[in-house]
Every structure is written in structure tokens, then in C-alpha cells.
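Below are the chains, spelled out letter by letter.
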Amino acid sequence: MTPDLWLNTLRNAEKTVFMQNGGRKAHFLLEDGREMVEEYNAETNVVIRRTWKTKNSFDTFTGWEVEVGTSVPKQNNLETTGIQESSTSPFITRRITKRSLEWRIRNLPYPKNVYSVTVEHDDTITVRTSNKKYYKKIRIPDLERIGLKPEGKNVSFMHQYNTLIITYKKPLELVDTENKILNMVLQQKAIETDLFK
């Protein structure tokens, strides 16, 4: 996909914009039936949450998948399945800033010199530890949607408070695309609501 193709997909989508507590939420119903909701920071107009409506192979709604922002904690299935996910397992949250894409991998206690963060041929950011305790491939859907390949020079990382923070500097094409999507949302007449409280 190219930036223009993704922009046209959103232009052709059925759009509804809601205002709630000073924030803005945009719902996109795409022509292929997929649904995306973006929530914008009231002051910066940066996306603070992006979710996709997911369906299973039987075309049944299975929930909302969080792409950006914090996921709702998983239900404790100890009583129903007899197993429970460890609270110390590493987990990833994602955020967007004006200039970068950011991933935070929490519950990683190892020192910074143990980590390797690289861009791979499969267009993922790959995290490895020299002690073989952690390995993760991270997709970058923001770049995939506009047909850009990630570049290693744009990746940096730091480690503090048991959290590995990976930052990817946004290329100009992505910044331009995000600005055009924001303008599309701002031009849409917004509905005042408390629906999302």
C-alpha cells in the first residue's frame, strides 16, 4: 500500500467523530468491513489510542484489538481454565508522539547492554537478549499501511525501571500522512456525547 492508497481508503470510509471530555474519537467503517477507532489527545491532536474491530473465521465479532495505547487487562482465567498468566511476564504497550513511534516492553529486568534492537529483512523491529531470556518481533503497522520499510537508523532504545523503551523516529511520509488523516477528522462534524465514558 502507498500513502495515497491508505488515505483514499480512509476518505472512502464511513466516518463518525465524537467529542467527549474535550477529546476526539473517530470511528472509520472501511469499505472492506473492517472498523478502526482512533482517539486523539485534546491538546496535541496526537493519536493516544487506536483499536481495530476483530472477527474470527466465522465472521463473528471477537472484540477490539488495541494497536496503540494500553490494552484492557486480560481476565483471570484461573477458575475456568486452571491457568493464569504470570504478572511478571513481559508485555508491550505502544504510544505515538509528534515525532516518533514508541514501544514499552515492561517486566524486562536485565541491564541495557544485554539488549539488541535491530530492523530485520522481514520489516520488523527485533528485540533479542544476549542471555537468551527474551526474543520478540515487533511489526510497525503505521509504516506497512503506507508502504514504507523501516530503517535501522531511525531506531533507538533505552532501559529504565525494568522497561525497555524503543523509539522509532517517524519518516516525513508518515508525518505527512498523519497530518492529512487528522485534517480529515477535524473537518468531520463532531457529535457531542458521553457514550464512551
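A brief structural summary. Counting restarts for each chain, with residues numbered from 1 along the sequence as it is written. Whole-chain, interface and lining totals are the exception, using all residues; otherwise, since this is a predicted model, local features are given only for residues with pLDDT of at least 70 and side-chain atom pairs are given and counted only at 80 or more. Each side-chain value is worked out from all heavy atoms of the structure, with water and hydrogens disregarded.

**Some thoughts on the sheet that holds strand 11 (residues 155-160)**
The strands that make up a sheet pair up through hydrogen bonds in the backbone, lying either parallel or antiparallel.
Part 1 of the reasoning: Following DSSP output, two strands are said to pair if at least two bridges run between them. Think of it this way: any DSSP run of H or I at least four residues long counts as a helix, any run of E at least two long counts as a strand, and we number them from the N terminus. On the basis of which strands lie adjacent, the open sheet formed by four strands has the order 6-7-12-11 and antiparallel pairing. The open sheet has two edge strands, strand 6 (91-96) and strand 11, and neither has a second partner. The sheet shows a mean angle of 20° between the axes of neighbouring strands, taken without regard to direction.
Part 2 of the reasoning: Alignment of strand 6 against strand 7 (residues 100-106), held across six bridges, turns out to be antiparallel. Note on strand 7: the bridge partner recorded for Arg94 is Trp103. All axes are obtained by fitting lines to C-alpha atoms, using only the stretch in contact for helices, and the reported angles, taken between N-to-C directions, cover 0 to 180 degrees.

**Remarks on the layout of surface pockets**
Part 1 of the reasoning: A pocket, in this scheme, is an open set of points on a 1 Å grid over the protein atoms alone with protein on both sides within 12 Å along at least 5 of 7 lines, while a cavity is a set where a 1.4 Å probe fits but cannot get out; residues line either one if an atom lies within 4 Å of a point. Grid points are joined across faces, edges and corners, and a volume is the space filled by probe spheres set on the points. Here the second largest pocket is characterised by a volume of approximately 340 Å³.
Part 2 of the reasoning: If you trace the second largest pocket, you find 24 residues lining it, with Val47, Lys170, Leu174, Glu178 and Asn179 closest to the centre.
Part 3 of the reasoning: When residues of the lining of the second largest pocket are traced back to their parent elements, those giving at least two are helix 1 (3-11), strand 3 (35-40), strand 4 (47-55), helix 3 (141-145) and helix 4 (172-187).
Part 4 of the reasoning: The element contributing the most residues to the lining of the second largest pocket is helix 4, with seven residues.
Part 5 of the reasoning: Throughout this entry, Asp, Glu, Lys and Arg are counted as charged residues, while Ala, Val, Leu, Ile, Met, Phe, Trp, Tyr, Cys and Pro are counted as nonpolar. The remaining residues, Gly among them, count as polar. Class assignment for the residues of the lining of the second largest pocket results in twelve nonpolar, five polar and seven charged.

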